[in-house]
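Below, each chain spelled out in residue letters.
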Amino acid sequence: QEQLVESGGGLVQSGGSLRLACTVSGSRLVLLSSYTMSWYRQAPGKQRELVAGITSGSTTNYADSVKGRFTISRDFAKSTAYLQMNSLKPEDTAVYYCNARHPIYPTADFWGQGTQVTVSA
């Protein structure tokens, strides 16, 4: 059974930092290196939005609101993706979700359960 487990969320003051981790397991994710890994977030009353993504070739993209503050990375050996979040703002408060999606096979699309990030003013 495919599983994505996020960790690292919590409560932090404005200007602080957190690092989220997403560890992946499961038979269909054996070739995880082929997948695009992404972080999304959803704040109360808002739609889920893409925060950052990293392809199998390590090409990255970021939402404009987090450019220069967040960094996405992946460790193939550990089957883990990371989101380093610096200079956090109260508007970054949301549930953060990890996603693994194969670029060719649309049914190969997996989500974690989410981790809460709360930034106090």
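The structure we're discussing is the one just above.
Here is what the cut-offs are and how they apply
- Residues numbered from 1 in each chain as written.
- Predicted model: local features only at pLDDT ≥ 70, side-chain atom pairs only at ≥ 80, totals over all residues.
- Heavy atoms only, no water.
- Disulfide = S-S within 2.5 Å.
- Helix = DSSP H or I, 4+ residues; strand = E, 2+ residues; numbered from the N terminus.
- Phe/Tyr/Trp six-rings, centres within 6.5 Å; stacked < 30°, edge-to-face > 60°.
- Buried < 20%, exposed > 50% of the residue type's maximum accessible area, 1.4 Å probe, protein only.
- Lys NZ or Arg CZ within 6 Å of the ring centre and 35° of its normal.
- Pairing = 2+ DSSP bridges.
- 1 Å grid on protein atoms, 1.4 Å probe; cavity = no way out; pocket = protein on both sides within 12 Å on 5 of 7 lines; lining within 4 Å.
- Points joined across faces, edges and corners; volume = space filled by probe spheres on them.
- Nonpolar A, V, L, I, M, F, W, Y, C, P; charged D, E, K, R; others polar.

Participant: Requested: an account of the state of the cysteines, with residues and values cited.
Facilitator: Here, the word disulfide means a covalent bond between the sulfur atoms of two cysteines. All told, the structure shown has one disulfide when counted by the stated rule. Sulfur-sulfur distance for the disulfide between C22 and C98 comes to 2.0 Å. Judged by the sign of its S-S torsion, about -80°, the bond between C22 and C98 is left-handed. Here C22, found in strand β3 (residues 18-25), pairs with C98, found in strand β9 (residues 94-101); they are 76 residues apart in sequence, far enough to count as distant.

Participant: Help me get a handle on the packing of aromatic side chains, residues and values and all.
Facilitator: According to the stated counting rule, one finds two aromatic pairs in the structure shown. Measuring from ring centre to ring centre gives 6.3 Å for Y35 and F110, while their planes differ by 45°; the resulting arrangement is tilted. Highlighted residues: Y35 in the loop between β3 and β4 (36-42) and F110 in strand β10 (residues 109-111), separated in sequence by 75 residues. Of the residues examined, F110 reaches a relative accessible area of 11% and is grouped as buried. Over the ring of W111 we find R48; its NZ or CZ atom is 4.8 Å from the centre of that ring.

Participant: Describe unusual backbone geometry, listing the residues and the values that go with them.
Facilitator: Not every positive phi belongs to a glycine, and S79 is a case in point at roughly 50°. Mapped onto the fold, S79 is located in the loop between β7 (70-75) and β8 (80-85). In this model, S87 sits at a positive phi of 50°, which is unusual for a non-glycine residue. Residue placement: S87 occurs in the loop between β8 and β9.

Participant: Can you tell me about the pairing of strand β11 (residues 115-120), naming the residues and giving the values?
Facilitator: Burial along β11 is one-sided: the residues T115, V117 and V119 are buried and none of Q116, T118 and S120 is. Of the strand pairs in this sheet, strand β2 (residues 10-13) and β11 are connected by four bridges, and their pairing is parallel. Paired with Q13 across the two strands is S120, which belongs to β11. Looking at chain direction, β9 and β11 are connected through three bridges and run antiparallel. The residue bridging Y96 from the neighbouring strand is T115, located in β11.

Participant: Please give an account of empty space enclosed by the protein that cites residues and values.
Facilitator: Counted under the stated rule, the structure contains one cavity of 30 Å³ or more. Empty space within the largest cavity amounts to approximately 40 Å³. Surrounding the largest cavity, L32, M37, R74, D75, F76, S79, T80 and A81 form its lining. Counting residues per element, the ones that place at least two in the lining of the largest cavity are β7 and β8. Split into classes, the residues belonging to the lining of the largest cavity amount to four nonpolar, two polar and two charged.

Participant: Describe the pairing of β7, listing the residues and the values that go with them.
Facilitator: Here β7 shows a clear split, with F70, I72 and R74 buried on one side and none of T71, S73 and D75 buried on the other. Sheet analysis places β7 next to β8, joined by six bridges and oriented antiparallel. Among the inter-strand pairings, R74 is bridged to a residue of β8, identified as A81. Between the antiparallel neighbours β7 and β8 lie four residues, among them S79 with a positive phi of about 50°.

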